[in-house]
Amino acid sequence: MIDLSGKIGLVVGIANEHSIAYGCAQAFHRAGAQLVATYLNDKAEKFVRPLAEGLDAELILPCDVEQPGALESVFALIQERYGRLDFALHSIAYAPKVDLDGRLLDSSRDGFARAMDISCHSFVRMARLAEPMMEDGGAMLTVSYYGAEKVVERYGLMGPVKAALESAARYMASEMGRRKIRVNVLSPGPMLTRAASGIPEFNLLMADAVERAPEHRLAGIADVGAMAAFLVSDSAAAITGNVTFVDAGYHVVA
Ligand SMILES: NC(=O)c1ccc[n+]([C@@H]2O[C@H](COP(=O)([O-])OP(=O)(O)OC[C@H]3O[C@@H](n4cnc5c(N)ncnc54)[C@H](O)[C@@H]3O)[C@@H](O)[C@H]2O)c1
């Protein structure tokens, strides 16, 4: 039984009840954590707020990581309310559709830079803001995909972006280790979420995973949540810089 009671956790990336971040937030809440949740914009708020309220989140805040000062204001409000932070989940990604639809070779300079900023560097910025608030140590968690390490057809420019995210997590783990701040990456198998629906022919990726994964099934957000809760808990005190697959075993046969 994972115990997160007494811990304050930030969850960035809930869009709706299918979001991987929501599966993680449910597991954090079940384990007793006090959560802070963010939503992208006014349009997203009406979907996210009821879900976050259902998990007893006391702070439910707007955060578009592209907006200057948005992340800073989230961390300032957490500092004001709780005076510290124990863990943070970064479960966001974005690439302009036109760049995602084609080959990596044809991606635009601006589209690639934007995907990298939202999907990768925002995690670095989050960790930098979290660091002074994690005086007794802490845990940072982000979400990648198998396309970071192997070429997955139709994953296009997100492959190199996720590779950068995984590498960044390793460097961050090294840089923050002395402060007992652990940095880990989850790598879920394909699951139907809003972000995934932007990937061309995503249904084929899912069908392939069911056919070839050792368990012949898709992992779900609850599977990811269970691993996320473990990784931010004290039980994972010696685990940092890892990429942990939650994909019903697909990566061992793909
Ligand atoms: N669904 C899958 O098959 C799958 C598999 C492996 C990894 N992932 C990764 O999981 C993570 C979560 O995605 P998901 O599948 O749960 O989809 P989702 O659509 O539910 O979540 C994506 C989130 O990113 C947020 N976001 C996008 N741009 C943002 C910005 N500028 N500022 C702040 N937030 C922003 C959205 O608001 C949304 O909450 C992503 O990193 C994705 O690449 C997904």
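Coordinates for the structure precede this section.
No experiment lies behind these values; they were computed from the predicted model shown. Positions within a chain are numbered from 1, following the residues in the order the chain's sequence is written. Reporting in this predicted model follows two pLDDT cut-offs: at least 70 for local features of residues, and 80 or more for side-chain atom pairs to be given and counted; totals over whole chains, interfaces and linings ignore these cut-offs and use all residues. Only hydrogens and water are removed before side-chain values are computed, so all heavy atoms of the structure are retained for them.

S.K.: I would appreciate a short explanation of the overall build of the protein in the present structure.
M.R.: A run of DSSP states H or I qualifies as a helix once it reaches four residues; a run of E qualifies as a strand once it reaches two. Both are numbered from the N-terminal end. Looking only at helices and strands, the protein features nine helices and seven strands. With the C-alpha coordinates aligned to their principal axes, the bounding extent of the protein is approximately 45 × 40 × 35 Å. Working definition: with a 1.4 Å probe on protein chains only, accessible area under 20% of the residue-type maximum means buried, over 50% means exposed, and in between means partly exposed. Counting every position in the protein, which comprises 254 residues, the buried fraction comes to 52%. The criterion used for residue contact is that any of the two residues' heavy atoms lie within 4.5 Å. Long-range contacts, defined as pairs at least 24 residues apart, comprise 74% of the intrachain contacts of the protein with a sequence gap of at least 6. For the protein, the exposed surface amounts to about 11800 Å²; the carbon and sulfur share of it is 53%. Areas reported as accessible are Shrake-Rupley estimates using a 1.4 Å probe. Residue values count occlusion only from the protein chains shown.

S.K.: Would you explain the packing of helix H5 (residues 109-130) against helix H6 (residues 158-176) in this entry?
M.R.: Think of two packed helices as two axes; the pair is described by the angle between the axes and how far apart they sit. Between H5 and H6, the shortest axis-to-axis distance is 10 Å and the interhelical angle comes to 15°. Between H5 and H6, the crossing angle belongs to the class labelled roughly parallel. Taken as a pair, H5 and H6 cross one another with a handedness that is right-handed. Here H5 contributes Phe-112, Ala-115, Met-116, Ser-119, Cys-120, Phe-123, Val-124 and Ala-127 to the contact with H6, which in turn contributes Met-158, Pro-160, Val-161, Ala-164, Leu-165, Ala-168, Ala-169, Met-172 and Met-176. Ten residues, namely Ala, Val, Leu, Ile, Met, Phe, Trp, Tyr, Cys and Pro, are considered nonpolar, four, namely Asp, Glu, Lys and Arg, are considered charged, and the remaining ones, Gly among them, are considered polar. Considering only residue class, the contact of H5 with H6 consists of 16 nonpolar, one polar and no charged. Comment: axis = line fitted to C-alpha atoms, over the contacting stretch for helices; angle = value between 0 and 180 degrees taken between N-to-C directions. In these notes the angle categories are as follows: under 35 degrees is roughly parallel, over 145 is roughly antiparallel, 65 to 115 is roughly perpendicular, and the rest is oblique. Two helices crossing with the near one rotated counterclockwise from the far one by less than a right angle form a left-handed crossing, whereas a clockwise rotation gives a right-handed crossing.

S.K.: In this structure, what is going on with the nonpolar core? I would like to understand it.
M.R.: Across soluble globular proteins, nonpolar side chains show a tendency to be buried alongside one another. The set of buried Ala, Val, Leu, Ile, Met, Phe, Trp, Tyr and Cys residues whose side-chain atoms join them within 4.5 Å is what this entry labels a nonpolar core. The biggest cluster of nonpolar side chains holds 38 residues, and the ones touching the most others in it are Leu-4, Val-11, Ile-14, Phe-28, Leu-35, Phe-87 and Leu-89. Of all the secondary structure elements, the ones that give two or more residues to this core are helix H1 (20-30), strand E2 (34-39), helix H2 (42-54), strand E4 (87-90), strand E5 (138-143) and helix H8 (221-232). Setting aside residues up to four positions removed in sequence, Leu-35 forms contacts with Gly-9, Val-11, Ala-25, Phe-28, His-29, Leu-55, Ala-57, Glu-58, Leu-59 and Phe-87. Among the nonpolar cores identified, the runner-up in size contains 35 residues, and Leu-59, Cys-63, Ile-78 and Cys-120 belong to it.

S.K.: Before we go on, may I ask you to explain the packing of aromatic side chains in this structure?
M.R.: Stacked, tilted and edge-to-face are the three classes applied to pairs of Phe, Tyr and Trp rings, where Trp contributes its six-membered ring and a pair requires centres within 6.5 Å; stacked means planes under 30 degrees apart, edge-to-face means over 60, and tilted covers the rest. Counted according to the given criterion, the structure contains four aromatic pairs. Measuring from centroid to centroid gives 6.1 Å for Tyr-146 and Tyr-250, while their planes differ by 80°, and the two rings are edge-to-face. Note that Tyr-146 is positioned in the loop between E5 and H6 and Tyr-250 in helix H9 (residues 250-253), a separation of 104 residues in sequence. Taking the relative accessible area as the measure of exposure, Tyr-250 reaches 8% and is therefore buried. One aromatic cluster in this structure is built from Tyr-146, Phe-245 and Tyr-250.

S.K.: Is there a simple way to explain the pairing of strand E1 (residues 8-12) in this structure?
M.R.: It is a general feature of regular strands that their side chains alternate between the two faces of the sheet. Extensive coverage of E1 is indicated by the burial of five of its five residues. Neither face of E1 is exposed, since Ile-8, Leu-10 and Val-12 on one face and Gly-9 and Val-11 on the opposite face are all buried. Here E1 pairs with E2 via four bridges, running parallel. When the sheet's bridge partners are listed, Val-11 is paired in E2 with Ala-37. After leaving E1, the chain enters H1 and then returns to the sheet as E2, a path that is right-handed. Relative to E4, E1 is paired through four bridges, and the arrangement is parallel. Paired with Leu-10 across the bridge in E4 is Ala-88. Being paired, for any two strands, means DSSP has found at least two bridges between them. For crossovers, right-handed means that the path from the first strand over the helix to the second runs clockwise, given strands pointing away from the viewer.

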